[in-house]
Amino acid sequence: MNWLDEVKWDAQGLVPVIAQEAASGDVLMFAWMNREALQKTAELGRAVYFSRSRNRLWFKGEESGHVQTVHDIRLDCDNDVVLLKVTQLGHEPGIACHTGRHSCFFQRHENGQWHAVDPVLKDPESIYK
């Protein structure tokens, strides 16, 4: 059996993916992959996702330069979530979020409201064309 056949793809042929920084353990982002994206990620050692908004493969960093080198690909116990252990490249410290932050998970719930608690490391206007 092909290793990709063991993944439980949803009705749209996608699987949720969590990108975690290998060195720090920080959860950087959540995204989706289709079969081709997961196969290319394994082949290239670079994160390739499926962009639902663009309806195409999205090579992380293709526009921003914030590439993710993949060290480890894991599948959860139900075979329906992928975990990538990555090194975030292109800026120090690494920027994974399109808002110019290290992680997409920069908002914390406090007293019934969401508060941005992590700094913008680089202005998004200077990252994207």
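These numbers were taken from a predicted model, which means no experiment stands behind them.

1. Quick notes on the pattern of salt bridges
Pairing is possible between side chains of opposite charge, provided their charged atoms come close.
(1) Moving on: This model, assessed by the stated rule, comprises 5 salt bridges.
(2) Moving on: Linking Glu62 and Arg54 is a salt bridge whose minimum nitrogen-to-oxygen distance equals 3.8 Å.
(3) Moving on: Each of Arg54, Arg56 and Glu62 takes part in one network of salt bridges that share partners.

2. What to know about the UniProt feature "binding site: Zn(2+)" (unreviewed entry) in the chain
(1) Moving on: Under the present numbering, the feature "binding site: Zn(2+)" (unreviewed entry) in UniProt falls on Cys77, Cys97 and Cys104. What stands out for the annotated residues spanning 28 residues is how far apart their C-alpha atoms range, the widest pair being 27.4 Å apart.
(2) Moving on: Among the structural elements, Cys97 can be located in the loop between strand 6 (82-88) and strand 7 (107-110).
(3) Moving on: Ignoring sequence-local partners within four residues, the contact set of Cys97 consists of His102, Ser103, Cys104, Phe106 and Tyr128.
(4) Moving on: Take Cys104: it is sitting in the loop between strand 6 and strand 7.
(5) Moving on: Cys104 sits in the partly exposed class, given a relative accessible area of 29%.
(6) Moving on: In this structure, Cys104 is in contact with Leu28, Met29, Ala96 and Cys97, ignoring residues within four places of it in sequence.

3. A look at the UniProt feature "binding site: Mg(2+)" (unreviewed entry) in the chain
(1) Moving on: According to UniProt, the "binding site: Mg(2+)" (unreviewed entry) feature falls on Asp76, Asp78 and Asp80.
(2) Moving on: Examined against the element boundaries, Asp80 turns out to sit in the loop between strand 5 (68-75) and strand 6.
(3) Moving on: Exposure remark for Asp80: the relative accessible area of 30% places this residue in the partly exposed category.
(4) Moving on: Contact partners of Asp80, with chain neighbours within four places excluded, come to Lys8, Val15, Pro16 and Leu75.

4. Some thoughts on the sheet that holds strand 2 (residues 27-34)
(1) Moving on: Spatial ordering of the open sheet is given by 2-1-6-5, a layout of 4 strands whose pairing is mixed. Unpaired on one side and paired on the other, strand 2 and strand 5 mark the two borders of the sheet. Adjacent strand axes in the sheet meet at a mean angle of 30°, parallel and antiparallel pairs treated alike.
(2) Moving on: Packing of helix 1 (residues 35-44) onto the sheet brings it into contact with strand 2, strand 5 and strand 6, and relative to strand 2 it is tilted by some 120°.

Definitions and limits used
Residues numbered from 1 in each chain as written. Predicted model: local features only at pLDDT ≥ 70, side-chain atom pairs only at ≥ 80, totals over all residues. Heavy atoms only, no water. Salt bridge = Lys/Arg side-chain N within 4 Å of Asp/Glu carboxyl O. UniProt positions renumbered as here; feature names shortened; annotations may be inferred. Helix = DSSP H or I, 4+ residues; strand = E, 2+ residues; numbered from the N terminus. Contact = heavy atoms within 4.5 Å. Buried < 20%, exposed > 50% of the residue type's maximum accessible area, 1.4 Å probe, protein only. Pairing = 2+ DSSP bridges. Axes fitted to C-alpha atoms, helices over the stretch in contact; angles between N-to-C directions.

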